[in-house]
Amino acid sequence: MPNSVDALTTTPAKAWVPQFLICSMIWGSGFALIKIGVEAGIEPGWVAFWRCFFGALVLWALVLVRRLGVPRDRRVWGHALVVGTVLNALPFTLFAWGEQHISSVTAGVWNSTIPLFTLVWVLVMLPDEKPTLRRLVGIGTGLCGALVVLGVWSGGQDSLMKGSLICLVATASYGLGYTYTRRFLSGGDIPAITLTAIQVSWGAIELALFAPLLGGAPHWGGMGPMAAMVVLGAVGTGLAYMWNLSVIRAVGSTVASTVAYLTPLWAAIVGVFFLNESLGWNTVVGALLIVSGVLLTRTAASRPAPSAPPEPGEKPRRTEEAEAAQPAKP
């Protein structure tokens, strides 16, 4: 598997499978890393900060190695500030907060609803996008899956309801972030890695200001939990993005976006076998319904969305699907 920044442009199609599987494993395992942090006493705001901080370090290192430069347009930085808030600072904090009340397995299931929320935001914010029966059925199927996971027939548990609601607000924020990115940052000639480095840096700056207000001084939690934060940020928010971009260029965004179907599986495997978390039948059935709903919305015909800016030397190409098919990240 290519292990250098040159992999972004030189990876042949036959080499995409290892990178695809690694991305799904990293993003699926991220919920367990979050759980390790919050159980060690690291406040949610600081969990989010370390994710952004270490992720930004890796992304800027990639920018420097590739000599991509930095945009000077204030509008770009302003839009990136908004994206950094709703796509990084807010959902990262909310997922960590939610996992104070629910298992990492359940959080991984809720993360798979991101494409559904993205579609809802797309229909609200982009007038050109029209609701179709298939899309509405997909959203309804995903909602049924959410109700099954919650076990509404038994009244549900207060902690499960609270943590789940917090995580669903986080996924709604992700959906807003992807839609905002599509509308305001999907055009132009700025490399995608540069834009991501800027938005994640904004998230780190915001969290550096607000994390002390939310959780006081940082609590390190020991070597193990801090190592989990380093991996969560540097690998999950940094290197995994690079590998995912490599997969997109090798086989297209449609195939790359299906990583969303595997992240709940990895979250369940890691949570059950390494954190000794339980996996109820309703969680499995609910997750399958949610993924089925996502499949229905993604296979619906829609107008192609603008693709991410091409890297220097790469010819622009038409994206293969709507923004609702963004990979779901923890």
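Since this is a predicted model, take the numbers as computed values, not measurements.

## A closer look at the pattern of salt bridges
Next up, step 1: Within this structure, the stated rule accounts for one salt bridge.
Next up, step 2: A salt bridge links D73 to R75, with the shortest nitrogen-to-oxygen separation between them at 3.2 Å.

## Remarks on the nonpolar core
Next up, step 1: Among the nonpolar cores identified, the biggest contains 74 residues, and V47, W110, I193 and M229 are the most heavily contacted of them.
Next up, step 2: Take this core: its biggest share by element is twelve residues, from helix α3 (residues 44–66).
Next up, step 3: Aside from chain neighbours lying at most four places away, what touches M229 is L33, G37, I42, V47, W50 and F54.

## Things to note about the side chain of E206
Next up, step 1: Tracing the sequence through the fold places E206 in helix α9 (residues 192–215).
Next up, step 2: With no salt bridge to any partner, buried E206 finds its closest opposite charge in R51, at an N-O distance of 13 Å.
Next up, step 3: Here E206 is in contact with L81, G84, T85 and A89, once residues within four sequence places are set aside.

## A few points about the layout of surface pockets
Next up, step 1: Estimates place the volume of the largest pocket at around 350 Å³.
Next up, step 2: Taken together, 19 residues form the lining of the largest pocket, with T106, Q157, L160, S278 and T283 sitting closest to its centre.
Next up, step 3: Sorting the residues of the lining of the largest pocket by element identifies α5 (104–111), α7 (133–150), α8 (158–184) and α13 (281–298) as the ones contributing at least two each.
Next up, step 4: Grouping the constituent residues of the lining of the largest pocket by class yields six nonpolar, twelve polar and one charged.
Next up, step 5: Counted as a void, the second largest pocket has a volume near 250 Å³.
Next up, step 6: Lining the second largest pocket are 13 residues; nearest its centre among them are P264, L265, V284, A287 and L288.
Next up, step 7: Elements supplying a minimum of two residues to the lining of the second largest pocket: α5, α12 (259–274) and α13.

## Quick look at the packing of aromatic side chains
Next up, step 1: A full pass over the atoms with the stated rule returns 13 aromatic pairs.
Next up, step 2: Taken together, a centroid distance of 6.3 Å and an interplanar angle of 35° make the contact between W46 and W50 tilted. In this pair, W46 and W50 both sit in helix α3, four residues apart, roughly one turn of the helix.
Next up, step 3: In this structure W50 comes out as buried when scored by relative accessible area, which is 10%.
Next up, step 4: Judged by centre distance (6.3 Å) and plane angle (85°), the rings of W77 and W202 are edge-to-face. Of this pair, W77 sits in helix α4 (residues 74–98) while W202 is found in helix α9, placing the two residues 125 residues apart along the sequence.
Next up, step 5: W77 sits in the partly exposed class, given a relative accessible area of 27%.
Next up, step 6: Put simply, the rings of W46, F49, W50, F53, F54 and W220 pair up and form one aromatic cluster.

## Let's talk about the side chain of T237
Next up, step 1: With respect to the secondary-structure elements, T237 resides in helix α10 (residues 223–251).
Next up, step 2: For T237, a relative accessible area of 11% corresponds to the buried category.
Next up, step 3: With near-sequence residues (within four places) excluded, T237 lies in contact with R51, G55, L59, F92, V200 and L232.

## As for unusual backbone geometry
Next up, step 1: Of note in this structure, R67 is not a glycine but carries a positive phi near 55°.
Next up, step 2: Among the secondary structure elements, R67 is positioned in the loop between α3 and α4.
Next up, step 3: For R67, a relative accessible area of 77% translates into the label exposed.

Parameters at a glance
Every residue gets a number counted from 1 within its own chain, in the order that chain's sequence is written. A pLDDT threshold of at least 70 governs which residues receive local features in this predicted model, and a stricter bar of 80 or more applies before side-chain atom pairs are shown or counted, although totals over entire chains, interfaces and linings include all residues. In computing side-chain values, all of the structure's heavy atoms are included and hydrogens and water are not. We define a salt bridge as a contact between a side-chain nitrogen of Lys or Arg and a carboxyl oxygen of Asp or Glu at a distance within 4 Å. For the purposes of this section, nonpolar cores are sets of buried Ala, Val, Leu, Ile, Met, Phe, Trp, Tyr and Cys residues that join through side-chain atoms within 4.5 Å. Only protein chains enter the calculation, and the probe is 1.4 Å; a residue is then buried if its accessible area is under 20% of its type maximum, exposed if over 50%, and partly exposed in between. What counts as a helix is a DSSP run of H or I of at least four residues, what counts as a strand is a run of E of at least two, and both are numbered from the N terminus. Contacts were defined at the residue level, with two residues in contact if any of their heavy atoms lie within 4.5 Å. All tallies of charge rest on Lys and Arg as positive and Asp and Glu as negative; His and the ends of each chain are not included. Lining residues are defined by having an atom within 4 Å of a point belonging to a cavity or pocket. Those points lie on a 1 Å grid over the protein atoms alone, cavities being sets where a 1.4 Å probe fits but cannot get out and pockets being open sets with protein on both sides within 12 Å along at least five of seven lines. Grid points are joined across faces, edges and corners, and a volume is the space filled by probe spheres set on the points. All amino acids are sorted into three groups, where Ala, Val, Leu, Ile, Met, Phe, Trp, Tyr, Cys and Pro are nonpolar, Asp, Glu, Lys and Arg are charged, and the leftover types, Gly among them, are polar. Two rings from Phe, Tyr or Trp (for Trp, the six-membered ring) form a pair when their centres sit within 6.5 Å of each other. Planes less than 30 degrees apart are called stacked, planes more than 60 degrees apart edge-to-face, and all others tilted.

Keep in mind these values describe shape, not function.
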